Amino acid sequence: MPTLNIGKVRYTWKGTYSATTAYSILDRVKDADGYVYEAIKAAPAGTELTDENYWIKLSVQGPQGLKGDTGNDGPKGDTGEAPTAILYTEQNNLTDAQRAQARTNIGWAAAFAASFASAIAAWVTSTLGSKIEAYLVPILKQLCLDNGATQAEIDALENESDS
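In this report, the structure presented in the accompanying data block is examined. Values in this document were obtained by computation on a predicted structure and should not be read as measured data.

### Regarding the overall build of the protein chain
So, step 1. Check the secondary structure of the protein chain and you find three helices and four strands.
So, step 2. Listed by position from the N terminus, the elements making up the protein chain come as β-β-β-β-α-α-α.
So, step 3. Burial status across the protein chain gives 16% buried among its 163 residues.
So, step 4. Counted over contacts in the protein chain with a minimum sequence separation of 6, partners at least 24 positions apart contribute 25%.
So, step 5. Carbon and sulfur atoms form 56% of the exposed surface of the protein chain, whose accessible area is close to 13000 Å².

Structure representation (structure tokens):
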């Protein structure tokens, strides 16, 4: 009994189109936008989907559908807690004039100069002598600068102690 080869009789899904793949007749692919195409004859690699000699577009975009119903509200979120304190952020980019004004605004400069800095300077000068003073004074100056004193305030304290 003779046989008749009728070839491929149903489509084969190949997934997303690749320009580097050769496709056989009845191979189906989708493009990046989701449209489906079917090869109407063997398509060599690189054959674009828009080439109507090889491909037929099986799907088309329909009109925009109606807007769906609004969903239910989700559960209410936790209220959380507000911070209990304001965090201090060091500002190293202030000018000497801005630092002096800030200390004046909070009344700190006079209290600092009268108590802490002058007490330390007096103690260092009277107790430890000139060698230790030569070692500690630069450290104390830097400590004062790091804690908000200006160079002018430190110079004024040094002038007071020298006179």
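### Considering the pattern of salt bridges
So, step 1. Evaluation of the coordinates by the stated rule reveals two salt bridges.
So, step 2. The partner of D27 in a salt bridge is K8, with the nearest N and O atoms 2.5 Å apart. Here K8 lies in the segment before strand 1 (12–16) and D27 lies in strand 2 (residues 27–30), a separation of 19 residues in the sequence.
So, step 3. K8 sits in the partly exposed class, given a relative accessible area of 33%.
So, step 4. Linking R28 and E38 is a salt bridge whose minimum nitrogen-to-oxygen distance equals 2.5 Å. Of this pair, R28 sits in strand 2 while E38 sits in strand 3 (residues 36–39); the two residues are ten residues apart in sequence, bridging distant segments of the chain.
So, step 5. Given the relative accessible area of 23%, R28 is considered partly exposed.

### Description of the environment of T21
So, step 1. Here T21 shows up in the loop between strand 1 and strand 2.
So, step 2. Note: C-alpha distance between T21 and G46 (25 residues apart in sequence) is 7.1 Å.

### Examining the nonpolar core
So, step 1. The biggest cluster of nonpolar side chains holds nine residues, and these are Y17, Y23, V29, Y35, Y37, A39, A43, L49 and W55.
So, step 2. Those residues in contact with Y37 that lie beyond four places of it in its chain are D27, R28, V29, D31, L49, W55, I56, K57 and L58.

### Overview of the pairing of strand 3
Each regular strand shows side chains that alternate between the opposite faces of the sheet.
So, step 1. Relative to strand 3, strand 2 is paired through three bridges, and the arrangement is antiparallel. Residue pairing in the sheet places K30 in a bridge with V36 of strand 3.
So, step 2. Adjacent in sequence and paired antiparallel, strand 2 and strand 3 are bridged by five residues, among which G34 carries a positive phi angle near 95°.
So, step 3. With three bridges joining them, strand 3 and strand 4 (residues 55–57) adopt antiparallel strand pairing. Looking at the pairing, A39 lines up with W55 of strand 4.

### As for a nonpolar patch on the surface
So, step 1. There is a patch of nonpolar side chains on the surface, built from L4, I6 and V9 and spanning about 380 Å² of accessible area.
So, step 2. Take V9: its relative accessible area is 61%, and that puts it in the exposed class.

### Considerations on the packing of aromatic side chains
What characterises a pair of aromatic rings is the spacing of the ring centres plus the angle enclosed by the ring planes.
So, step 1. The tally for this structure, following the rule as stated, stands at three aromatic pairs.
So, step 2. Centre to centre, the rings of Y17 and Y23 are 5.9 Å apart; their planes meet at 25°, and the pair counts as stacked.
So, step 3. Residue Y17 is classed as buried on the basis of its relative accessible area of 17%.
So, step 4. Pairing Y23 with W55 gives two aromatic rings, centres 5.4 Å apart and planes at 70°, and the pair type is edge-to-face. Highlighted residues: Y23 in the loop between strand 1 and strand 2 and W55 in strand 4, separated in sequence by 32 residues.
So, step 5. Members of the aromatic cluster, each reached through a chain of ring pairs, are Y17, Y23 and W55.

Conventions adopted
Here the residue numbers are simple positions, counted from 1 along each chain's written sequence. With pLDDT at 70 or above as the cut-off, local features in this predicted model cover only qualifying residues; side-chain atom pairs require 80 or more to be listed or tallied, and sums for whole chains, interfaces and linings still use all residues. Calculation of side-chain values draws on the structure's entire complement of heavy atoms; hydrogens and water are dropped beforehand. Runs of E in the DSSP output that reach at least two residues are strands. Runs of H or I that reach at least four are helices, and both are numbered from the N terminus. For the exposure calls, accessible area comes from a 1.4 Å probe over protein chains only, and a residue counts as buried if that area is under 20% of its type's maximum, exposed if over 50%, partly exposed in between. In this analysis, two residues are considered to be in contact whenever any of their non-hydrogen atoms come within 4.5 Å of each other. Each accessible area value is a Shrake-Rupley result obtained with a 1.4 Å probe; residue values ignore everything except the protein chains displayed when judging cover. For salt bridges, the criterion is a side-chain nitrogen of Lys or Arg within 4 Å of an Asp or Glu carboxyl oxygen. Among buried residues, those of type Ala, Val, Leu, Ile, Met, Phe, Trp, Tyr and Cys that are joined through side-chain atoms within 4.5 Å constitute a nonpolar core. By definition, two strands form a pair when at least two bridges between them are found by DSSP. Here a patch means residues that are over 30% exposed by relative accessible area and free of salt bridges, tied together within 9 Å if like-charged and within 5 Å if nonpolar (Val, Leu, Ile, Met, Phe, Trp, Tyr). Stacked, tilted and edge-to-face are the three classes applied to pairs of Phe, Tyr and Trp rings, where Trp contributes its six-membered ring and a pair requires centres within 6.5 Å; stacked means planes under 30 degrees apart, edge-to-face means over 60, and tilted covers the rest.

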